[in-house]
Every structure is written in C-alpha cells, then in structure tokens.
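Examining the three-dimensional arrangement
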Amino acid sequence: MLQLLRLAPGSVRALQLAGANELALNALTQAETYLTKALQFSPESTNIRLLLARAQLRAGLGPKVVATLKLLIEGGSPNSMALAMTAEANLLGGDPRLAEQLYAQAMKLSPDN
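Summarised in this report is the structure supplied together with it. Throughout this document, residue positions are counted from 1 along each chain, in the order its sequence is written. The predicted nature of this model means local features are confined to residues of pLDDT at least 70 and side-chain atom pairs, given and counted, to a pLDDT of 80 or more, with totals for whole chains, interfaces and linings taken over all residues. Only heavy atoms go into the side-chain values, all of them from the structure, while hydrogens and water stay out.

1. A short note on helix 4 (residues 46-58)
The numbering of helices and of strands both runs from the N terminus, where a helix is a DSSP run of H or I of at least 4 residues and a strand a run of E of at least 2. How far a helix is expected to stretch is found by multiplying one less than its residue total by 1.5 Å. An ideal rise of 1.5 Å per residue puts 18 Å on 13 residues; helix 4 measures up with 18 Å between its terminal C-alpha atoms. Listed as buried for helix 4 are Ile 48, Arg 49, Leu 50, Leu 51, Leu 52, Ala 53, Ala 55, Gln 56 and Leu 57. Elements that come into contact with the buried residues of helix 4 comprise helix 2 (12-24), helix 3 (28-41), helix 5 (62-73) and helix 6 (80-92). Of the residues that open helix 4, the one with a side-chain oxygen 3.2 Å from the backbone nitrogen of Ile 48 is Ser 45. Where helix 4 terminates, the next one or two residues include Gly 60, which has phi positive at roughly 80°. Whether a residue is buried, partly exposed or exposed follows from its accessible area with a 1.4 Å probe, protein chains only, as a fraction of its type maximum: under 20%, in between, or over 50%, in that order. Only heavy atoms matter for contacts: two residues are in contact if any of them lie within 4.5 Å across the pair. Definition of a polar contact: a pair of N or O atoms within 3.5 Å, with one able to donate and the other able to accept a hydrogen when the atoms are protein atoms, and with sequence-neighbouring residues admitted only if both atoms are side-chain atoms.

2. Remarks on the nonpolar core
As used here, the term nonpolar core means buried Ala, Val, Leu, Ile, Met, Phe, Trp, Tyr and Cys residues forming a set that is joined through side-chain atoms within 4.5 Å. With 13 residues, the main nonpolar core has Leu 23, Leu 35 and Ile 48 as its most contacted residues. For this core, the secondary-structure elements that each account for two or more residues are helix 2, helix 3 and helix 4. In terms of residues, this core owes the most to one element, helix 3, which gives six residues. With residues near it in sequence (within four places) discarded, Leu 35 still touches Leu 15, Gln 16, Gly 19, Ala 20, Ile 48, Leu 51 and Leu 52. Formed by nine residues, the second largest nonpolar core is a distinct cluster that contains Ala 53, Val 65, Leu 72 and Ala 89.

3. Examining the packing of helix 3 against helix 4
Direction vectors running N to C along helix 3 and helix 4 enclose 155°, while the axes themselves pass 9 Å from each other. Our classification of the angle between helix 3 and helix 4 gives roughly antiparallel. Relative to helix 4, helix 3 is oriented so that their crossing is left-handed. For the pair helix 3 and helix 4, the contacting residues are Leu 28, Ala 31, Glu 32, Leu 35, Thr 36, Ala 38 and Leu 39 in the first and Ile 48, Arg 49, Leu 51, Leu 52, Ala 55, Gln 56 and Arg 58 in the second. Interaxial angles span 0 to 180 degrees and are taken between N-to-C directions of axes, which are lines fitted to C-alpha atoms, for helices over the stretch in contact. Oblique is the label for any angle not covered by the other classes, which are roughly parallel (under 35 degrees), roughly antiparallel (over 145) and roughly perpendicular (65 to 115). Rotating anticlockwise by less than a right angle from the far helix to the near helix defines a left-handed crossing, while the corresponding clockwise rotation defines a right-handed one.

4. Some points on the environment of Asn 26
Tracing the sequence through the fold places Asn 26 in the loop between helix 2 and helix 3. A relative accessible area of 47% means that Asn 26 is categorised as partly exposed. Sequence separation between Asn 26 and Asp 95 is 69 residues, and the spatial gap between their C-alpha atoms is 26 Å. A polar side-chain atom of Asn 26 sits 2.6 Å from a polar atom in the side chain of Arg 58.

5. A short note on helix 3
With 14 residues, helix 3 should cover 20 Å at 1.5 Å per step; its first-to-last C-alpha distance of 20 Å lies within 8% of that length. For helix 3, the full list of buried residues reads Leu 28, Ala 31, Glu 32, Tyr 34, Leu 35, Ala 38 and Leu 39.

6. Details of the pattern of salt bridges
Only one rule defines a salt bridge in this text: a Lys or Arg side-chain nitrogen within 4 Å of an Asp or Glu carboxyl oxygen. This model, assessed by the stated rule, comprises one salt bridge. One salt bridge connects Lys 64 with Glu 32, and the closest N-O pair in it is separated by 3.0 Å. Of this pair, Lys 64 sits in helix 5 while Glu 32 sits in helix 3, and the two are 32 residues apart along the sequence. By relative accessible area, which is 41% here, Lys 64 ends up partly exposed. Assessed through its relative accessible area of 14%, Glu 32 is described here as buried.

On their own, these measurements won't tell you what the molecule is for.
As structure tokens, then:
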C-alpha cells in the first residue's frame, strides 16, 4: 500500500484504499490521516467522508465525526448512514436527546437498516 502511495501520492483512490486498509487493521490515526488527505482532494465524496467518520468514531472523536458528516446531514436529502453515525457520536458525547432525534430521522429515511 505504501508503494502505491509513493507512486501516486495525490491519488484519491490510493488514499481511500490506504485509509480503508488502516481502518480494517484498527490503525485509526493512520486511517484518519489518509482519509483526511483523500477528502481534501475530493471533498464531495460521500464514501470517503463516511469512512473518515467511521475511523473518527472508533477513535472516540465525537466532535470530529459531527464536523466530518455535517455536509451529509444538512440540506434537503440527508444521508441515513451519516445521521446514524452522528447520532452515535452525540450519544457518546453525552447528548442522548439529540442522538435519539437523529436516529429517528435515520430510521425514517432508511427503515430497513
């Protein structure tokens, strides 16, 4: 993976794969580093944003999760996965009421998940 990043340091796909790999290995700091860089190159990517938030959530970085997912939960068509992850971040951060509201919104959007 490192060899691929050396060959293509600005490749969004390589950074995303490296971040996903590090997340799978539970190397959360390194995963966050790669995914943050990938998101800088591709700020509209829902997949990268969700992977980054997952790494941040597993690392216990609730406020970062909320900031990372803000674009996906605001606006006319929020992302149900982003709502659920933001709810979890708020629950861990000590705001169960907001977490419950966000979970309810997520369930309304995607009742099968």
